[in-house]
Amino acid sequence: MRTPETTVRLFGAIGMSVGGESVHLGPARERECFGILVIRRGTPVLVDQLIADLWGAAAPASAVNVVHTYISRLRRRTGSAEGQGLLRSLRPGYSIDPADITLDVEEFEADRRTGMASLWAGHLGQAREALDRALERCEGAEALHGATGPLATQERRRLEELRLDTLETALALRLRVGGRSDTLAELATLVRRHPFRERLWILLMLGLDREDRRGEALVAYHDLRSLLKEDLGIGPSQRAQELFFDLLADRPREELWTEHLTLAAQQR
């Protein structure tokens, strides 16, 4: 008989399902303890490490007992018996075998790697499909939502940076090869949400120019310059400045796109 698939989610609230049926992992701190074991999957995690990952320097005096209680409850909820099951006791420490779970974060990162490999190989259509698929896996979901410990905070930041880099690359590909009519509107929203990511502004300026809205592209640059000056006391990057001056010089669109539409987040 085939073993039901165990699926773990780190995008959104930490969760788990077996054979499509959701498994209750307990309140937020217990779910976060489970999430730590998933993040550190494949290696023994000692109680001291769990305490550091959950609380850092703010660990309560009762932290050892609290962690043991969390583990005991999680083992019961995940159907883990001594020496077997999902959550294994290794004496010392606890572990989750990566082979025992299907993890949404791993699927996201696999699709991202496929997309970037296709991009470097020059297969732009395949790259766009893979990156769009990766983004669908985390759409509208903050990673490890509600988890507050040091490790969860660090992993959330890592995944958010990967998500934004993937999104920027996917948007650049959509501008290059087409396929979505809402790309420009999405860029306009994103520069408001992430105002210091200049690559988004550059893509917005190029997208506006493509729609014969060069004046608005120039206004976008002035918005970026004012924002950076007022909030950070700096000016736009050399790449943004060069695009602005090329727009002012009324360079042909084909030259602009060849010069400025970088498909990967790197300097020309």
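What you see is a predicted model, and the numbers here were worked out from it, not measured in a lab.

Within the protein, the secondary structure is distributed over eleven helices and six strands. Considering only C-alpha atoms, the protein reaches an extent of 70 × 45 × 25 Å along its principal axes. Buried residues in the protein amount to 48% of all 268 residues. Considering only intrachain contacts with a sequence separation of at least 6, the fraction spanning at least 24 residues in the protein is 59%. Surface summary for the protein: the accessible area is close to 13600 Å², and the carbon and sulfur share equals 49%. Across the protein, the 37 positively charged side chains and the 40 negatively charged ones have centroids separated by 4 Å.

Turning our eyes to something else, we now look at the nonpolar core. Core analysis: the largest hydrophobic core is formed by 41 residues, its most contacted members being Phe34 and Leu50. Contributions of two or more residues to this core are made by helix H1 (28-39), helix H2 (47-55), helix H3 (63-77), strand E5 (94-96), helix H4 (104-120) and helix H6 (150-177). If one sorts the elements of this core by residue count, H1 sits on top with six residues. When sequence neighbours within four positions are dropped, the list of residues in contact with leucine 50 reads Cys33, Ile36, Leu37, Val45, Val67, Ile71 and Tyr94. Judged by nonpolar contacts, the second largest core, of 39 residues, contains Leu131, Leu190, Leu204 and Leu263.

Turning to the side chain of threonine 6, a few remarks are in order. Within the secondary structure, threonine 6 sits in strand E1 (residues 6-9). Once residues lying within four places of it in the same chain are set aside, the contact partners of threonine 6 are Met16, Ser17, Val18, Leu86, Asp100, Ile101 and Thr102.

A few words on the pattern of salt bridges. Side chains that differ in sign of charge can pair as their charged atoms come close. For the coordinates displayed, the defined rule picks out 28 salt bridges. The closest approach of N and O atoms between aspartate 209 and arginine 253, which form a salt bridge, is 3.4 Å. Of this pair, aspartate 209 sits in helix H8 (residues 198-210) while arginine 253 sits in helix H11 (residues 253-260); the two residues are 44 residues apart in sequence, bridging distant segments of the chain. With relative accessibility at 1%, the residue aspartate 209 sits in the buried group. Take arginine 253: its relative accessible area is 30%, and that puts it in the partly exposed class. One continuous salt-bridge network, built from bridges that share partners, spans Asp209, Asp212, Arg214, Asp250 and Arg253.

On inspection of all chains with the given rule, the structure shows three aromatic pairs. For the pair phenylalanine 11 and phenylalanine 108, a centre-to-centre distance of 5.5 Å together with 80° between the ring planes defines the contact as edge-to-face. Taken together, the positions of phenylalanine 11 in the loop between E1 and strand E2 (15-18) and phenylalanine 108 in helix H4 put the pair 97 residues apart, joining distant regions of the chain. An identical accessibility class is assigned to phenylalanine 11 and phenylalanine 108; each is buried. Here the aromatic residues Tyr221, Phe244 and Phe245 are joined through ring pairs into a cluster of three or more.

Before going further, it helps to spend a moment on a nonpolar patch on the surface. A contiguous nonpolar patch, built from Phe196, Leu232 and Ile234 and spanning about 270 Å² of accessible area, is present on the exposed surface. Position of phenylalanine 196 relative to the elements: it lies in the loop between helix H7 (183-193) and H8.

As a further point, take the packing of H6 against H7. At their nearest, the axes of H6 and H7 sit 10 Å apart, and the two run at 145° to each other. Considering how the two elements wind past one another, H6 and H7 form a crossing that is left-handed. When H6 is examined against H7, the residues Leu167, Leu171, Arg174 and Leu175 are found in contact with a partner set consisting of Thr183, Glu186, Leu187 and Leu190. For the contact of H6 with H7, the class distribution of residues is five nonpolar, one polar and two charged.

Note that E1 and E2 share four bridges and pair antiparallel. By the bridge assignment for E2, threonine 6 is matched with valine 18. What sits between E1 and E2 in their antiparallel hairpin is a turn of five residues, with glycine 12 showing a positive phi close to 85°. Count of turn residues in the E2/strand E3 (residues 21-23) antiparallel hairpin: two residues, of which glycine 19 carries a positive phi of about 60°.

Moving on to H7. Within H7 the residues assigned to the buried category are Thr183, Leu184, Leu187, Leu190 and Val191. Angular distribution of buried residues about the axis of H7 spans 120°; they occupy a single face of the element. Residues Ala185, Arg192 and Arg193 are exposed on H7 and point more than 90 degrees away from its buried face. Buried-residue contacts for H7 involve H6 and H8.

Conventions and cut-offs
- Residues numbered from 1 in each chain as written.
- Predicted model: local features only at pLDDT ≥ 70, side-chain atom pairs only at ≥ 80, totals over all residues.
- Heavy atoms only, no water.
- Helix = DSSP H or I, 4+ residues; strand = E, 2+ residues; numbered from the N terminus.
- Buried < 20%, exposed > 50% of the residue type's maximum accessible area, 1.4 Å probe, protein only.
- Contact = heavy atoms within 4.5 Å.
- Areas by Shrake-Rupley, 256 points an atom, 1.4 Å probe, with all protein chains shown as cover.
- Lys, Arg positive; Asp, Glu negative; His and termini not counted.
- Charge placed at Lys NZ, Arg CZ, Asp CG, Glu CD.
- Core = buried A, V, L, I, M, F, W, Y, C linked by side-chain atoms within 4.5 Å.
- Salt bridge = Lys/Arg side-chain N within 4 Å of Asp/Glu carboxyl O.
- Phe/Tyr/Trp six-rings, centres within 6.5 Å; stacked < 30°, edge-to-face > 60°.
- Patch = residues over 30% accessible without salt bridge, like charges linked within 9 Å, V, L, I, M, F, W, Y side chains within 5 Å.
- Axes fitted to C-alpha atoms, helices over the stretch in contact; angles between N-to-C directions.
- Left-handed = near helix turned anticlockwise from the far one by under 90°.
- Nonpolar A, V, L, I, M, F, W, Y, C, P; charged D, E, K, R; others polar.
- Pairing = 2+ DSSP bridges.
- Arc of directions from axis to C-beta.

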